[in-house]
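# Structure assessment
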Amino acid sequence: MNILKLTFCSIPDHDMGKANTLVLSMLLTVDSQRLSDKEEFDMLHLDELVGSIYGYGPFEIYTCGCGTAQCAGIWEDITVDQVGDNVLWNVPNPLITFIEGSTYDHFVFDRQQYRQAIHDGLDEAKSMILQHGGSCRVGPYGFTAGQLLQLTTIEPDAVIDRRPQPRHAHVCHGPVFVENRYIARVVKEEIAGRGSSHMWVEAWTGIHWTRETIPSIPMDTVYASKLAPVELLAEAGVPEEPFPFDYELPPLANNRSGIL
Ligand SMILES: [Zn+2]
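Residues numbered from 1 in each chain as written. Predicted model: local features only at pLDDT ≥ 70, side-chain atom pairs only at ≥ 80, totals over all residues. Heavy atoms only, no water.

## Concerning the overall build of the protein chain
The helix and strand inventory of the protein chain stands at five helices and 13 strands. Considering the protein chain as a whole, with its 260 residues, one finds that 40% of them fall into the buried category. Within the protein chain, residue pairs in contact and separated by at least 24 positions form 55% of the contacts whose partners lie at least 6 positions apart. Surface exposure of the protein chain reaches about 14,800 Å², of which carbon and sulfur atoms provide 54%. (Helix = DSSP H or I, 4+ residues; strand = E, 2+ residues; numbered from the N terminus. Buried < 20%, exposed > 50% of the residue type's maximum accessible area, 1.4 Å probe, protein only. Contact = heavy atoms within 4.5 Å. Areas by Shrake-Rupley, 256 points an atom, 1.4 Å probe, with all protein chains shown as cover.)

## A word on the sheet that holds strand β4 (residues 57-59)
Spatial ordering of the open sheet is given by β4-β5-β6-β7, a layout of four strands whose pairing is antiparallel. Only two strands of the sheet have a single partner each, and these edge strands are β4 and β7 (103-110). Mean inter-strand twist for the sheet, computed between neighbouring axes without regard to direction, equals 30°. Contacts from helix α2 (residues 111-132) reach β5 (78-83), β6 (86-93) and β7 within the one sheet, and its direction differs from that of β7 by about 90°. (Pairing = 2+ DSSP bridges. Axes fitted to C-alpha atoms, helices over the stretch in contact; angles between N-to-C directions.)

## Some details on the confidence of the model for the protein chain
Predicted confidence across the protein chain gives a mean pLDDT of 86, with 88% of residues reaching 70 or more. Looking across the protein chain, the model is least confident in strand β13 (residues 245-247), with a mean pLDDT of 69, and most confident in helix α1 (residues 46-51), with 97. Within the model, pLDDT remains below 50 along residues 251-260, and this stretch shows 20 contacts once partners closer than five positions in the same chain are excluded. (pLDDT = per-residue confidence, 0-100.)

## Details of empty space enclosed by the protein
Take a probe with the size of a water molecule and roll it over the atoms, and the empty space left behind shows itself. Across all of its chains, the model carries one cavity of 30 Å³ or more by this definition. Estimates place the volume of the largest cavity at around 40 Å³. I61, Y62, I74, E76 and D77 are, among the 10 residues lining the largest cavity, the residues nearest its centre. Partitioning the lining of the largest cavity into residue classes produces six nonpolar, no polar and four charged. (1 Å grid on protein atoms, 1.4 Å probe; cavity = no way out; pocket = protein on both sides within 12 Å on 5 of 7 lines; lining within 4 Å. Points joined across faces, edges and corners; volume = space filled by probe spheres on them. Nonpolar A, V, L, I, M, F, W, Y, C, P; charged D, E, K, R; others polar.)

## Some words on α2
Under the 1.5 Å per step criterion, the end-to-end length of α2 is 31 Å for 22 residues, consistent within 8% with the ideal 32 Å. Two or three places before Q112, at the start of α2, stands the capping residue D110, its side-chain oxygen 3.0 Å from that residue's backbone nitrogen. (Expected span 1.5 Å × (residues − 1). Polar contact = N/O pair within 3.5 Å; in protein donor to acceptor, adjacent residues only side chain to side chain.)

## Section: unusual backbone geometry
Of the consecutive residues G139 and P140, the connecting peptide bond is found in the cis state with omega at 0°. Its location among the elements puts P140 in the loop between β8 (136-137) and α3 (145-150). A cis geometry characterises the amide bond from G174 onward to P175, with omega recorded as 0°. Along the chain, P175 turns up in strand β9 (residues 167-178). If you check the backbone angles, D31 has positive phi at about 55° while not being a glycine. In this fold, D31 is placed in the loop between β2 (22-30) and β3 (33-34).

## So, the pairing of β5
Side-chain alternation along β5 places I78, V80 and Q82 on a buried face and T79, D81 and V83 on a face that remains uncovered. With three bridges joining them, β4 and β5 adopt antiparallel strand pairing. Across the sheet, G57 pairs through a bridge with V80, a residue of β5. Inspection of the sheet shows β5 paired to β6 by five bridges, in the antiparallel sense. Of the residues in β6, the one forming a bridge with T79 is N90. Here β5 folds back onto β6, and the loop between the two strands holds two residues, one of which, G84, carries a positive phi near 60°.

Following this line, the structure appears as structure tokens:
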């Protein structure tokens, strides 16, 4: 079992030239080791760290002072899983300047210890903020001492779940017979939680439906075409599609370069 520890220390804010301002610096260790010692201190999205106590999927725990992880050379999130009483981490190694073909480290924490470590760390930071009375800089950019004071390790009603979900799609037009040559259809996918959808044209290859229509058939053309007769579809071997149907989601784009 791995042991998590979160600590804070406060130093005068020389950058800002204000003697009255403190900077709260953070250190996160696993078994007393930091995941990267490129910088003197760690820069953490504390709200992500808190979310990871009960959450699933990729968490951007480490970041740059500016709040953009890639700026610090962090290209992949830590993937978090919950199994029984344990919090599991899948961590790219090296964390910073991770390159394709690198390996992953797996850590297993006891959730009670994990939660308590974050709770104790935050308590330490909160008392520093409250004792100081003046202004405290926390970071990353945009994350304030006031926001830190609001953080709690109590289990939320809705845990963060960023695991890949099955995608739901349905045929919204077709199958149609296009230009007396192609059997095509328009598929629409509703993207849950985003209130948006996207549509594309698929063509029947004789074996399966493909989005790689060659030559590409414009959506307008498909919409303007009449529904293909049942006999034609049967002859071409087009199966009756369950309605609606689930698309298999491609592997989760944990690598942030895939999202940008
Ligand atoms: Zn930066």
